[in-house]
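Given next are the chains, with one letter for each unit.
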Amino acid sequence: MTTNLSKKAIEYDPRTIKRAKRALSCSPFCLKLFQEMRNQSVPIHQIAGVTSIKLGYATQPLSEPKTEDKLVWLINVGLLRREVDGQGLTDSFRLTPLGRKIVAQWEQEREEIPSASLIDRVFNWLNSWLK
C-alpha cells in the first residue's frame, strides 16, 4: 500500500522570520556563504580568518572561536544546522529550510543581505545576550 503525501511548505511564525532576518542582517557574513550552504556543508576553517574574505563569505576576518559564536547564534534562530556524520557533529554548517527560504527571497529581491539598522543591531544583541 502506498500513500501519496503532498509536499507542503513549512509555515513559520512571522516573528520567527523577522528574528532570523534580523540575525542574518547583523551577522558579518555575505550572501555567497549562505548560497554555498544551501548546496553543501561548509567547514568552519573556510568561514573563519582571511580565508572567509578570499572566498567572499564574510565582510571581516574573524577568529575561529568568534566565527563559531556567530554561527551558533544563527543556529539558535533557526537559520543553520551543524552537519552530522557517522561519528556525530562536525565542524561544518548547512542551511535549514528557514534559511533556504530567506536566502531565496533575498536572492530574488536584491542579491545581497540587507544592512541592519542600529535598532536591529540592538535587538539582535539583546536577543543573543539573553539567550
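Just above sits the structure.
What you see is a predicted model; the values in this text were computed from it and never measured. (Residues numbered from 1 in each chain as written. Predicted model: local features only at pLDDT ≥ 70, side-chain atom pairs only at ≥ 80, totals over all residues. Heavy atoms only, no water.)

**Points about the packing of aromatic side chains**
The test is simple: Ring pairs are drawn from Phe, Tyr and Trp, using the six-membered ring of Trp, whenever the two centres fall within 6.5 Å, and their geometry is named by plane angle: stacked under 30 degrees, edge-to-face over 60, tilted for the rest. A 1.4 Å probe rolled over the protein chains alone gives each residue an accessible area, and that area as a share of the maximum for its type sets the label: buried under 20%, exposed over 50%, partly exposed in between.
Under the criterion given, the structure shown has two aromatic pairs. Look at Phe29 and Phe34: their rings are 6.3 Å apart centre to centre, the planes differ by 80 degrees, and that puts the pair in the edge-to-face class. With respect to burial, Phe29 and Phe34 carry one shared label: buried.

**A short note on the sheet that holds strand E1 (residues 42-43)**
Stated formally: Only strands that DSSP links by at least two bridges are regarded as paired with each other. In this description a helix means any DSSP run of H or I spanning at least four residues, a strand means any run of E spanning at least two, and both kinds are numbered starting from the N terminus.
Sheet architecture is open: three strands sit in the order E1-E3-E2, paired in antiparallel fashion. In the strand order of this sheet, the two ends are held by E1 and strand E2 (80-85), each with one partner. Pairing of E1 with strand E3 (residues 88-95) involves two bridges; the strand directions are antiparallel. Residue pairing across strands places Pro43 opposite Ser92, the latter belonging to E3.

**Comments concerning helix H6 (residues 97-109)**
The cut-off we apply is this: For a helix, the expected span equals 1.5 Å multiplied by the residue count minus one. What the arc measures is the spread of directions leading from the helix axis to the C-beta atoms. Residue contacts follow a heavy-atom distance rule, with two residues in contact if any of their heavy atoms lie within 4.5 Å.
Taking 1.5 Å per residue as the helical rise, H6 with its 13 residues ought to reach 18 Å, and the 18 Å between its terminal C-alpha atoms agrees with that figure. Those residues of H6 that fall on the buried side of the exposure criterion are Leu98, Gly99, Ile102, Val103 and Trp106. Angular distribution of buried residues about the axis of H6 spans 125 degrees; they occupy a single face of the element. Where H6 is buried, its residues touch helix H1 (14-26), helix H2 (31-39) and E3. At the exit of H6 stands Glu111, carrying a positive phi of roughly 60 degrees.

**Quick notes on unusual backbone geometry**
The backbone of Glu111 sits at a positive phi, close to 60 degrees, despite the residue not being glycine. Tracing the sequence through the fold places Glu111 in the loop between H6 and helix H7 (118-130).

**Describing helix H5 (residues 64-76)**
Helix length check: H5 (13 residues) gives 18 Å between terminal C-alpha atoms against 18 Å at 1.5 Å per residue, within 8%. Within the span of H5, buried status applies to Thr67, Leu71, Trp73 and Leu74. Buried residues in H5, looked at end-on, bunch into an arc of 150 degrees, giving them a common side. For H5, exposure combined with an orientation more than 90 degrees from the buried face picks out Pro65 and Asp69. On its buried face, H5 sits against H1, H2, helix H3 (44-47), E2, E3 and H7. Phi for Gly78, located one or two positions after H5, is positive at around 95 degrees.

Functional significance is not addressed by these values, which are geometric in nature.
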